[in-house]
Each structure stands twice: as C-alpha cells, then as structure tokens.
Amino acid sequence: MNQNEFVLLITPFRDKVFRLAKRLLVSTEEAEDATQEVLVKLWHKNEGLKQYGSVEAFAMTITKNYCLDQLKSKRATNLSIAHTNYTDREPSLQQKVEDNDSLNWVEKIINQLPEQQRLIIQMRDIEQYEFEEIAKVLDMNETAIRVALSRARKTIRESMTKTHNYGIH
C-alpha cells in the first residue's frame, strides 16, 4: 500500500481517533501525540492492515490501549495532570450561554465517570459507534456495554438534574 492509499484508508476515522484520545487524555497536545503514534503504528502494519477486518475498529483499539498506557505511566510517576478543557466563547444570545454552560457541565460529569463508562459514552453517544463495534474495541460483551452506558447516562442525568434544580456550580 502506498502513502496515498494509506491516507485514503485512514482519513475517514482519523478525527475519531483524535477525539477518543482527547476524551481519555484530556490534553489536546497529548491527544495529538497519541493520534500521531497510532497513525505511525498503523503505517508500520501497512501491508497487514486488511487482515484485521475493520481498520477503524483496529485503530480505535490501538488508540484506547495507547492512551490507557500513557495514563498508567503518568499515575506510576505521580505526575499531576493539569488541563483546561473549555474554550472561551462569546455567545451573542442568552440561550447560547445556557447551552454552553450545560455542555460544560456534561463534559465535567463525563470526565468524572469511571474510565470504562467514559469510553462507552464517547464511542456510543459522541462517535455513534454500534454496540457490536464497541464490544470489539473494548473486548466486552454487548450486554455489559448497554448496562455501563445506561449507568453512565443515569449518572449524567442525575447530576444535571441536581445542578439545574439547586443551581450548584
């Protein structure tokens, strides 16, 4: 496979790899590095990629594993992760302000979910993966994924209800 064929193969899901890495690593710079590492690994497996069936699912598995390894490495060396994940926006309408506030709260709540639930929310609700694809990437059965997704959504819903009802920020 030449470079042009490789680029055509990975282009449809390159952004998904980045978004999954960002969800796990939070830092944009680290997510960019992770994305590049995943693409390099895919390039090295260039000729054998077809044997994996879905190259996209294979890439997402590599991304998940690489990011989890990075996080374990950080925890092992007791590095603290400081990040800002929110961009300053200047909405022109009150609704945009309220929507942005809600999105920020959902983002904060998702980031506090257990790792597995964060991954499942990212892949199902944000990336729109089918349960079967998530099951392959996470090496879980579909029922466990549905249960974890349901629990994650319930946690988000309950947290948002508390925030909106009590105005706690």
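Remember, it's a predicted structure, so these values are computed and weren't measured experimentally. (Residues numbered from 1 in each chain as written. Predicted model: local features only at pLDDT ≥ 70, side-chain atom pairs only at ≥ 80, totals over all residues. Heavy atoms only, no water.)

**Student:** Describe the pattern of salt bridges, with residues and values.
**Tutor:** If you walk through the whole model with that rule in mind, you get 8 salt bridges. Note that Arg 23 and Glu 107 form a salt bridge whose closest N and O atoms lie 3.0 Å from each other. Pair noted here: Arg 23 is in helix 1 (residues 3-25) and Glu 107 is in helix 4 (residues 94-112), with a separation of 84 residues, a long-range link. On the basis of relative accessibility, which here comes to 8%, the residue Arg 23 falls in the buried class. Taking the relative accessible area as the measure of exposure, Glu 107 reaches 21% and is therefore partly exposed. Residue Lys 154 pairs with Glu 158 through a salt bridge whose shortest N-O separation is 3.9 Å. Note that Lys 154 and Glu 158 are positioned in helix 7 (residues 142-166) at a spacing of 4 residues, about one turn of the helix. (Salt bridge = Lys/Arg side-chain N within 4 Å of Asp/Glu carboxyl O. Helix = DSSP H or I, 4+ residues; strand = E, 2+ residues; numbered from the N terminus. Buried < 20%, exposed > 50% of the residue type's maximum accessible area, 1.4 Å probe, protein only.)

**Student:** Which residues make up the nonpolar core, and what values go with them?
**Tutor:** Counting 44 residues, the largest nonpolar core has Leu 42, Ile 120 and Leu 138 as the members making the most contacts within it. Of all the elements in the fold, those that place two or more residues in this core are helix 1, helix 2 (28-44), helix 3 (55-76), helix 4, helix 5 (115-126), helix 6 (131-138) and helix 7. Here the element with the most residues in this core is helix 3; it accounts for 10 residues. When near neighbours in sequence (up to four residues on either side) are disregarded, Leu 138 contacts Lys 64, Leu 119, Ile 120 and Met 123. (Core = buried A, V, L, I, M, F, W, Y, C linked by side-chain atoms within 4.5 Å. Contact = heavy atoms within 4.5 Å.)

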